[in-house]
Amino acid sequence: MAYRRAEDRKRARRSRSGPAPEGGSRQAWTRVALSRADAVAQRLSGPVAGAFAAGWSAILTLLAVGAVIAVAWILGAGSGSITDAMHVSGISWLATHLIPISVPEGSISALPMGFVLIPGWLLWRAGEWAARRSGACLWQDVRPMVGIGAGVYATIALFVATSTANDAASVGPLSAAIGAGVFALVVFGAGATKEAGLWSSIVDRFTPKSRIRMRAGLIAFGTILAGSAVVLAVSLAIHFSTGLTILDALAPGLIGNLLLFILGLAYLPNAVIWTSSFVLGPGFAVGQGTTVSPFGVEIGAVPAFPLLGAVPEQSSSWMPIVLFIPLFAGGIAMSMMSGKRPLATFDRESMIERAWVAGFAAALMLIASWFAGGGLGSGRLVEVGPNASYVAGATFVLVLLGGILCDQLRRLRNWRADRKASRPVDLRDKAGDILDVGRHIG
């Protein structure tokens, strides 16, 4: 096959350097040398393309994480042998998939969600390449390709977890295989189905009403996150001096500052979700026995991390105002859901529609809060982040209530507009305008 490709390339070069074909068509100069049959013959089968693409994606991300760890090790950010650096690289690679790390007397499960973009982007691109290289365009072609790719990815994660485990930190082989396999199944499969043009068939499986409900719930979830990001930015600006004090106390040096900056960016999605739990009411914890919510702040010493400088030290009377953000999100979602005509206030069907939207937004918040929280080792930091079930319940209640209030306000506005339109006209008040019109006509 390689010899055949080389001969085709030589033939193509000779045809470009020779005289123009009869007719002088411009397309003849740029015509592809390979025939359609040759192109089809050079395609990879779906399972082979999936295994090859997923395997290379895993190896490339593992090398990228290992390179960062090796540079930090060489520049003095770590200590120990090169074997220890390799162990840290493998465990860090597994951590980018949000797989919990076991440490003595505890676990590290509140992992930075920003690092998911590294393996996620490569897996997405790998799925697109596999679908394009295999020519998959049907579900029966995509399913084995995605399944084999996820299996290869999970096998590599299993090997990495087994070979990098030590007494200081380890990842369970079963957890590594399941976590990486599910991650690859979702991301690799999403890229492959998009390239194969199968997303429309997935959307068509839902009824139009279900799609509107999910879109409205997604809008409510996104509005809460956007408002929480604004609150976080304001808090970071207010407590900027606190963050500088933490950095001065750490004195990490140039390499340490760079690593802290990267780690802060990676933890930024976690911080937005923690702020969302604050905005929704239940709040979050920064250690056992601590609470940071709009109704009270009970907190002791927090870890020396600049991003945690935005955590308020005491409650304030203005804090409950942030509860208007999820109410506003519910109103926006209901406006998108019902269009120009608001839903009835306590009608059974209207309440079911609102419950669907609020439930979908609560489910998204439940998943996000579950990934954003967890533990950071043993002792006091065994409990960090929001309580996912409480945050989901608050999301459901506030989005539902916001939808009801929005419909009531819209109904009041429509009532006032209809009343103004149907108000009888007093000719005595309009006599001057009528005379002016008559003069102009005359």
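Draft legend 1. Main features of helix α15 (residues 348-372). With 25 residues, α15 ought to run about 36 Å at 1.5 Å a step, and its terminal C-alpha atoms sit 35 Å apart, in line with that. Among the residues of α15, S350, E353, R354, V357, A358, A361, A362, M365, A368, S369 and A372 are the ones counted as buried. Looking one or two residues beyond α15, the residue adopting positive phi is G374, at roughly 145°.

Draft legend 2. Main features of the environment of W129. Relative to the helices and strands, W129 is located in helix α6 (residues 117-134). Spatially, the C-alpha atoms of W129 and E195 are 8.1 Å apart, while their sequence positions differ by 66 residues. If sequence neighbours within four positions are ignored, W129 has contacts with L44, A49, F52 and A53.

Draft legend 3. Spatial organisation of the confidence of the model for the protein. Predicted confidence across the protein gives a mean pLDDT of 80, with 81% of residues reaching 70 or more. Ignoring residues within four places in sequence, the model shows residues 1-6, a span with pLDDT below 50, making 5 contacts including any to other chains. When the criterion is pLDDT under 50, residues 16-41 qualifies, and its contacts beyond four places in sequence or with other chains add up to 13 contacts.

Draft legend 4. Region of the structure containing the side chain of S293. Secondary-structure assignment places S293 in strand β4 (residues 291-293). Setting aside chain neighbours within four positions, we find S293 in contact with F278, G281, P282, G283 and M319.

Draft legend 5. Structural view of the sheet that holds strand β1 (residues 101-103). As summarised here, the arrangement of the 3 strands in space is β1-β2-β6, forming an open sheet in which the pairing is antiparallel. The two strands at the open ends of the sheet, each matched to only one other strand, are β1 and β6 (376-377). Pairing between β1 and strand β2 (residues 106-108): 3 bridges, direction antiparallel. The residue of β2 that forms the bridge with V103 is G106.

Draft legend 6. Looking closely at the packing of helix α13 (residues 268-280) against α15. Where α13 meets α15, the closest approach of the two axes is 9 Å, and the angle between their N-to-C directions is 125°. By the criterion of interaxial angle, the relationship of α13 to α15 is oblique. At the point where α13 passes α15, the crossing takes the left-handed sense. Together, N270, I273, W274, S276 and L280 of α13 and M365, A368, S369, F371 and A372 of α15 make up the contact between the two elements. The residue makeup of the contact of α13 with α15, split by class, is 7 nonpolar, 3 polar and no charged.

What counts, and where the lines are drawn
Residues numbered from 1 in each chain as written. Predicted model: local features only at pLDDT ≥ 70, side-chain atom pairs only at ≥ 80, totals over all residues. Heavy atoms only, no water. Helix = DSSP H or I, 4+ residues; strand = E, 2+ residues; numbered from the N terminus. Expected span 1.5 Å × (residues − 1). Buried < 20%, exposed > 50% of the residue type's maximum accessible area, 1.4 Å probe, protein only. Contact = heavy atoms within 4.5 Å. pLDDT = per-residue confidence, 0-100. Pairing = 2+ DSSP bridges. Axes fitted to C-alpha atoms, helices over the stretch in contact; angles between N-to-C directions. Parallel < 35°, antiparallel > 145°, perpendicular 65-115°, else oblique. Left-handed = near helix turned anticlockwise from the far one by under 90°. Nonpolar A, V, L, I, M, F, W, Y, C, P; charged D, E, K, R; others polar.

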